[in-house]
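Chain by chain, the residues:
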Amino acid sequence: AIGRSSMLTLSAAAALAYSPTVAAPHARTSAASVSSRASAPRLGLLQKLGLRRGARFADDLGLPCVDECAVASYPNLPPSVHPGVVTGQALVDLLQHAKENRYAIPAVNCVTSSSVNTCLEAARKADAPIIIQFSSGGSQFYAGKGLDNTDFDAAVAGAVSGAHHVRTLAAKYGVPVILHTDHCAKKLLPWVDGMLAESEAHYAAHGEPLFSSHMLDLSEEPLEENIAICVEYMQRMAKLDMLLEMELGITGGEEDGVDNEDANPEDLYSKPEEIWQVYEKLSAVPNGRFTVAAAFGNVHGVYAPGNVKLDPEILGNAQTFIADKVSSSDAKPVSFVFHGGSGSDLKDIKQAIDYGVVKMNIDTDTQWSYWDGIRAYYKKYEPYLNSQIGNPDGADKPNKKFYDPRMPVRSAEETTVARLGQCFSDLNCVDVF
């Protein structure tokens, strides 16, 4: 396995290679290529937008964004928000805009480049921002299960690889992307340490972190320890203009190896006083940025209607409690995150958004939609998928074009784009630009 120090050296070298001062000439920006792209179909409001923005990560790679996705900002979003990965103040501005305008941004767990591209395509169709996130297990899978994951080296490498993939393509799709990582329990902290080292190298070269944000899930630890570790990490992340997502209370069910199916029901519901403890301590960190995944009955996985008993009023009560504590004119001082939303009643989702939810995690539903696309493809073309040669059209007819992996994968992408379209709609996150 590649050691952590070796990875950091490679990352720093890569960052320097991507620097605009040393990048190769942008061969893809010839008049001919611009002309050909200008005739391509354009999607949504982006075709109406104006001027080219300055250098981006994709530009540094020789993959500049042109035509409909080459915009400086959006007419209905804060000026700091631009196509591509958003970090720092732009990230804060985007989340605040979501809270003020009562929409939540879908946060989708990705495990392959295909799932990343699917998210970008869905966001483009919705004219909306998206959060692309990687779990520890998903990051390891992204790197390849054949790699040694001692000291989380493969998980770090996979997350970094995914991050560079997102940064290369996000601006070309013309959508703002928050690049995030999902649940990190105490035993997984070395994974986040490795990614922070990569962001520090990227920040030194580019003036912004590789990732937008990370999540720490220390909800199984005592609250005081949970908060103390979050403060420690947030102090490090604040120097990089990164945002921290923290969790208190427990999200029930099972996801990516984290099993809380037998959790104490009482732990599924956070108290306003606990949320205030978090808010008070994290707000004291200079340049600190954070969101809170408070528990209000959330459960990972999908269950029959009525089995998940959400209580969004917990979020509303916490907002009132904290606004009174800090004498704030902002009735919703906390930016909340919604975990375990699959199978939730739409009314509860909308109410949670009204109470300040700005991000909702999506995994179970997109796992199913991706599989459903592969399943549908197989059912449709089964007679052509049983051998390399021979099908209903003739015993000597080849089947290569049917078993080409791109065919079922694209079917999976299409069904997932459609499912994500429903998610964007449910979260009021459509035509945001």
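Keep in mind the model is a prediction, meaning the values are calculated, not measured.

Some words on the overall build of the chain
Point 1. On a plain count of helices and strands, the chain comes out with 15 helices and 13 strands.
Point 2. Within the chain, the fraction of its 433 residues that count as buried is 53%.
Point 3. Here the analysis covers contacts within the chain between residues at least 6 apart in sequence; of these, 72% occur between residues at least 24 apart.
Point 4. When the accessible surface of the chain is totalled, it reaches about 18,500 Å², and 54% of it is carbon and sulfur.

Quick word on the nonpolar core
Point 1. Ile132, Val166, Trp191, Leu216, Val292, Phe336 and Phe424 are the most contacted members of the largest nonpolar core, which totals 100 residues.
Point 2. Looking at this core element by element, the count peaks at nine residues for helix α9 (residues 223–238).
Point 3. With residues up to four places along the chain from it excluded, the contact list for Ile132 reads Val108, Cys110, Val116, Cys119, Leu120, Val166, Val177, Ile178, Leu179 and His180.

Some points on the pattern of salt bridges
Point 1. In the structure shown here, the tally under the stated rule is 14 salt bridges.
Point 2. Taking the shortest distance from any N to any O, the salt bridge between Glu245 and Lys359 comes out at 2.9 Å. Residue Glu245 is located in strand β6 (residues 243–248), and its partner Lys359 is located in strand β11 (residues 357–362); the two are separated by 114 residues in the primary sequence. You'll find Glu245 and Lys359 in the same group, each marked buried.
Point 3. Between Asp348 and Lys347 there is a salt bridge, with its nearest N and O atoms 3.5 Å apart.
Point 4. Take Lys347: its relative accessible area is 55%, and that puts it in the exposed class.

A word on helix α7 (residues 153–173)
Point 1. Taking 1.5 Å of rise per residue, 21 residues should cover 30 Å, and α7 covers 30 Å from first to last C-alpha, within 8% of that figure.
Point 2. The axis of α7 is deflected most strongly, by about 25°, at Arg167.

Points about the packing of α9 against helix α10 (residues 272–283)
Point 1. Packing of α9 against α10 brings their axes to within 10 Å, and their N-to-C directions diverge by 25°. By the angle between their directions, the pair α9 and α10 is classed as roughly parallel. In terms of crossing hand, the pair formed by α9 and α10 is right-handed. Within the contact between the two elements, α9 uses Leu223, Glu224, Ile227, Cys230, Val231 and Met234 and α10 uses Glu274, Gln277, Val278, Lys281 and Leu282.

A look at the confidence of the model for the chain
Point 1. Taken as a whole, the chain shows an average pLDDT of 84; of its residues, 78% reach a score of 70 or greater.
Point 2. Segment residues 1–57: pLDDT under 50, and 99 contacts once partners within four positions in sequence are set aside and those in other chains are kept.

Quick word on the pairing of β11
Point 1. For β11, a buried count of six out of six residues is recorded, marking the element as mostly surrounded by other parts of the structure.
Point 2. For strand β2 (residues 105–109) and β11, the ladder comprises four bridges, and the chain directions are parallel. Within the sheet, the bridge partner assigned to Ile105 lies in β11 and is Lys359.
Point 3. Note on the crossover from strand β10 (residues 336–338) through helix α12 (residues 346–354) to β11: the handedness is right-handed.

Details of the environment of Arg419
Point 1. Counting through the fold element by element, Arg419 comes out in helix α15 (residues 406–426).
Point 2. Excluding residues that lie within four positions of it along the chain, Arg419 makes contacts with Asp365 and Ser369.

Describing the environment of Gly174
Point 1. Mapped onto the fold, Gly174 is located in the loop between α7 and β4 (176–181).
Point 2. Classification of Gly174 as buried rests on a relative accessible area of 0%.
Point 3. Between the C-alpha atom of Gly174 and that of Arg124, which follows or precedes it by 50 residues, the distance is 6.9 Å.

Comments concerning the environment of Gly84
Point 1. One can find Gly84 in strand β1 (residues 84–85).
Point 2. Along the backbone, Gly84 and Val177 are 93 residues apart, and their C-alpha atoms lie at a distance of 5.7 Å.
Point 3. If near-sequence neighbours (up to four positions away) are discounted, Gly84 is found in contact with Ala170, Ala171, Val175, Pro176 and Val177.

Let's talk about unusual backbone geometry
Point 1. Phi is positive for Asp151, which is not a glycine, with a value near 60°.
Point 2. Among the secondary structure elements, Asp151 is positioned in the loop between α6 (136–143) and α7.
Point 3. Phi is positive for Asp241, which is not a glycine, with a value near 60°.
Point 4. With respect to the helices, strands and loops of the structure, Asp241 is situated in the loop between α9 and β6.
Point 5. Here Asp241 falls in the partly exposed class, since its relative accessible area comes to 23%.

Digging into the pairing of β2
Note on strand geometry: in a regular strand, side chains alternate between the two faces of the sheet.
Point 1. Taken across its five residues, β2 has five buried, putting it largely inside the fold.
Point 2. Of the two faces of β2, both are covered, the one formed by Ile105, Ala107 and Asn109 as well as the one formed by Pro106 and Val108.
Point 3. This β-α-β element, β2 to helix α5 (residues 113–126) to strand β3 (residues 130–134), shows right-handed connectivity.

Focus: the packing of aromatic side chains
Point 1. All told, the structure shown has eight aromatic pairs when counted by the stated rule.
Point 2. Ring geometry for Phe134 versus Tyr142: centroids 5.7 Å apart, planes at 85°, classification edge-to-face.
Point 3. Given a relative accessible area of 0%, Phe134 falls into the buried group.
Point 4. A centroid spacing of 4.8 Å and a plane angle of 45° characterise the contact between Tyr377 and Tyr381, whose relative ring orientation is tilted. Highlighted residues: Tyr377 and Tyr381, both in helix α13 (residues 364–381), separated by four residues, approximately one helical turn.
Point 5. By the ring-pair criterion, three or more aromatic residues cluster together here, those being Tyr377, Tyr381, Tyr384 and Phe402.

The rules behind these values
Residues numbered from 1 in each chain as written. Predicted model: local features only at pLDDT ≥ 70, side-chain atom pairs only at ≥ 80, totals over all residues. Heavy atoms only, no water. Helix = DSSP H or I, 4+ residues; strand = E, 2+ residues; numbered from the N terminus. Buried < 20%, exposed > 50% of the residue type's maximum accessible area, 1.4 Å probe, protein only. Contact = heavy atoms within 4.5 Å. Areas by Shrake-Rupley, 256 points an atom, 1.4 Å probe, with all protein chains shown as cover. Core = buried A, V, L, I, M, F, W, Y, C linked by side-chain atoms within 4.5 Å. Salt bridge = Lys/Arg side-chain N within 4 Å of Asp/Glu carboxyl O. Expected span 1.5 Å × (residues − 1). Bend = angle between axes of the 7 residues up to and from the residue. Axes fitted to C-alpha atoms, helices over the stretch in contact; angles between N-to-C directions. Parallel < 35°, antiparallel > 145°, perpendicular 65-115°, else oblique. Left-handed = near helix turned anticlockwise from the far one by under 90°. pLDDT = per-residue confidence, 0-100. Pairing = 2+ DSSP bridges. Right-handed = clockwise from strand over helix to strand, strands pointing away. Phe/Tyr/Trp six-rings, centres within 6.5 Å; stacked < 30°, edge-to-face > 60°.

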